[in-house]
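Now for the letters of each chain:
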Amino acid sequence: MLIVMRHGASDEEVRRVCDVIVEMGYQARPMPGRQRTTVGLVGNDGRVDGSRIEALAGVQEVIHVSKPYKQVSREWKAESTIVSLPGGLTIGGEDVVVMAGPCSVESEQQILAAAEAVREAGATVLRAGAFKPRSSPYSFQGLGVEGLPLLRLAKAETGLLIVTEAMDPEGADQVAEVADIIQIGARNMQNFPLLERAGRSKLPVLLKRGMAATLEEWLLAAEYIMAEGNYNVVLCERGVRTFAQHTRNTLDLAAVPAIRSISHLPVIVDPSHGSGNTYMVTPLARAGVAVGADGLMVEVHDHPELALSDGAQALTPSQYAQLVNEVRAIRNLTSPAAGGTPQN
Ligand code: PEP
Ligand code: MN
């Protein structure tokens, strides 16, 4: 439920609304706006009787949020969220953010070469997993904690920000020591203790869509993070499981405008896991930006044939540089400022 306060409602009136919400057994989230303050009521799993709140001084209107997810929805917050990162970088603003790097951190030499190559080609965020959720127990499982100092080194050498995956709550704390963004992978989209731990972190969270998740399940997973007080969530469409056999996953590009219409959160596209084939990555990256994605996450390896994971979908640095030029040109044509992609 959202309680819209009158223009000019006093701090005391807002406080009284919050107190009554707490007395009713829920939590209050006051959100001061330019025109008026809104107070969100969270913690309910069904319709709440708003009559007691409606009668309070300073209350203009009580809006019942119809969806099961609340804080992620545009009903709750109309303006698009812009996630701020160190160094003035933003996700959800004018620029398309390109996160790139190898699937896994493999060695010092490999991650430093990859980081340098993607930085030169226009990336601002380095992706690479130390903790790797692999389908087979016999596949390379990542370097684990030993990979984290290598990411720290890559960051120090290149100035790139780091996004890297956490697979469990303890891993989230370890990752948070070096990362600028905590990645939650498709296989862990409904790992609720992990979502809650990430929700208590101060860092932005990149939440990938589960491979069989509906938009509602995905948004409810984001709601878990926000319910813990972390509002910096970036959604990542990375393909879902379908009957198609020509791709590893079916990249659901329609999810981008759908999410932008029902949620204020930024959404990016991963054309690498979304296709599984190098030759498809650039076309799908172009399409992702054309449908309104706020950014891309792309796998790049300086020797894809030697990659310890996901080499079949890795771009070489020069292929990646070309991709960046192309998607920037597309963004210039379709950005809201240029009168292109509608926001919702
Ligand atoms: C990854 O980004 O390396 C990864 C494992 O992706 P996903 O969780 O989308 O499969
Ligand atoms: Mn991968």
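For strand 9 (residues 161–165), the buried fraction is high: 5 of the 5 residues fall into the buried class. Here strand 9 shows no split at all, with Leu161, Val163 and Glu165 on one side and Ile162 and Thr164 on the other all buried. Sheet analysis places strand 8 (residues 125–127) next to strand 9, joined by 3 bridges and oriented parallel. Paired with Arg127 across the strands is Val163, a residue of strand 9.

Another aspect to go through is the coordination of the manganese ion (ligand 2). Looking at the metal site, the manganese ion (ligand 2) is ligated by Cys103 (SG), His273 (NE2), Glu299 (OE) and Asp310 (OD), spaced 2.0 to 2.3 Å from it. Read N to C, the donor residues that coordinate the manganese ion (ligand 2) are spaced as C-x169-H-x25-E-x10-D. Of the two residues, Cys103 is situated in the loop between strand 7 (97–101) and helix 3 (108–120) and Glu299 in strand 14 (residues 295–299); the sequence distance between them amounts to 196 residues. Summarising the burial analysis for this pair, Cys103 and Glu299 share the class buried.

With that settled, consider the site of ligand 1. Close to ligand 1 lie Cys103, Arg127, Lys132, Glu165, Gln183, Gly185, Ala186, Arg187, Lys208, Arg238, His273 and Glu299. Ala186 is positioned with one of its backbone polar atoms (N or O) 2.7 Å from an oxygen atom of ligand 1. In terms of residue class, the shell around ligand 1 is built from 2 nonpolar, 3 polar and 7 charged.

Further remarks concern the domain arrangement of the protein chain. According to the domain assignment, the protein chain consists of domain 1 (2–63) and domain 2 (83–338). One C-alpha centre belongs to domain 1, the other to domain 2; they are set 37 Å apart.

In this section: helix 4 (residues 148–158). Among the residues of helix 4, Leu148, Leu150, Leu151, Ala154 and Thr158 are the ones counted as buried. Down the axis of helix 4, the buried side of the element spans an arc of 160°, and every buried residue falls inside it. Opposite the buried face of helix 4, by more than 90 degrees, sit the exposed residues Ala156 and Glu157. Looking at the buried residues of helix 4, the elements they touch are helix 3, strand 8, strand 9 and helix 5 (169–176).

Direction vectors running N to C along helix 3 and helix 4 enclose 35°, while the axes themselves pass 9 Å from each other. Crossing geometry of helix 3 relative to helix 4 is assigned as right-handed. Side by side, helix 3 and helix 4 meet where Glu108, Ile111, Leu112, Ala115, Glu116 and Arg119 of the first sit next to Leu150, Leu151, Leu153, Ala154, Glu157 and Thr158 of the second. Split into classes, the residues belonging to the contact of helix 3 with helix 4 amount to 7 nonpolar, 1 polar and 4 charged.

About the criteria used
The residue count restarts for each chain, going from 1 along the sequence in the order it is written. Just so you know, chain letters begin at A and ligand numbers begin at 1, following the order they were written in. The predicted origin of the model limits local features to residues at a pLDDT of at least 70 and limits the giving and counting of side-chain atom pairs to 80 or more, whereas totals for whole chains, interfaces and linings rest on all residues. Water and hydrogen atoms play no part in the side-chain values, which are based on all heavy atoms of the structure. Classification of residues uses two cut-offs on accessible area relative to the type maximum, computed with a 1.4 Å probe and protein chains only: under 20% is buried, over 50% is exposed, and between them is partly exposed. Numbering goes from the N terminus for both helices and strands, where a helix is a DSSP run of H or I of at least four residues and a strand is a run of E of at least two. Here, a strand pair is defined by DSSP locating no fewer than two bridges between the strands. Any N, O or S atom lying within 2.8 Å of the metal counts as a donor, and for Na, K and Ca the limit rises to 3.2 Å; water is left out, so some sites can look incomplete. A molecule or strand has a residue near it when one of that residue's heavy atoms lies within 4 Å. By the criterion applied in these results, polar contacts are pairs of N or O atoms within 3.5 Å in which, for protein atoms, one can donate a hydrogen and the other can accept it, and in which residues neighboring in sequence qualify only through two side-chain atoms. Residue classes follow a fixed rule: Ala, Val, Leu, Ile, Met, Phe, Trp, Tyr, Cys and Pro count as nonpolar, while Asp, Glu, Lys and Arg count as charged, and any other residue, Gly among them, counts as polar. Throughout the structure description, domain borders are defined by an automatic or database domain assignment. Here, the arc refers to the directions that run from the helix axis to the C-beta atoms. Any two residues whose heavy atoms approach within 4.5 Å at even a single point are treated as in contact. In this description, a line fitted to the C-alpha atoms serves as the axis of each element, helices being fitted only across the stretch in contact, and the angle between N-to-C directions of two axes falls anywhere from 0 to 180 degrees. For a crossing to be left-handed, the near helix must be turned anticlockwise from the far one by less than a right angle; the clockwise case is right-handed.

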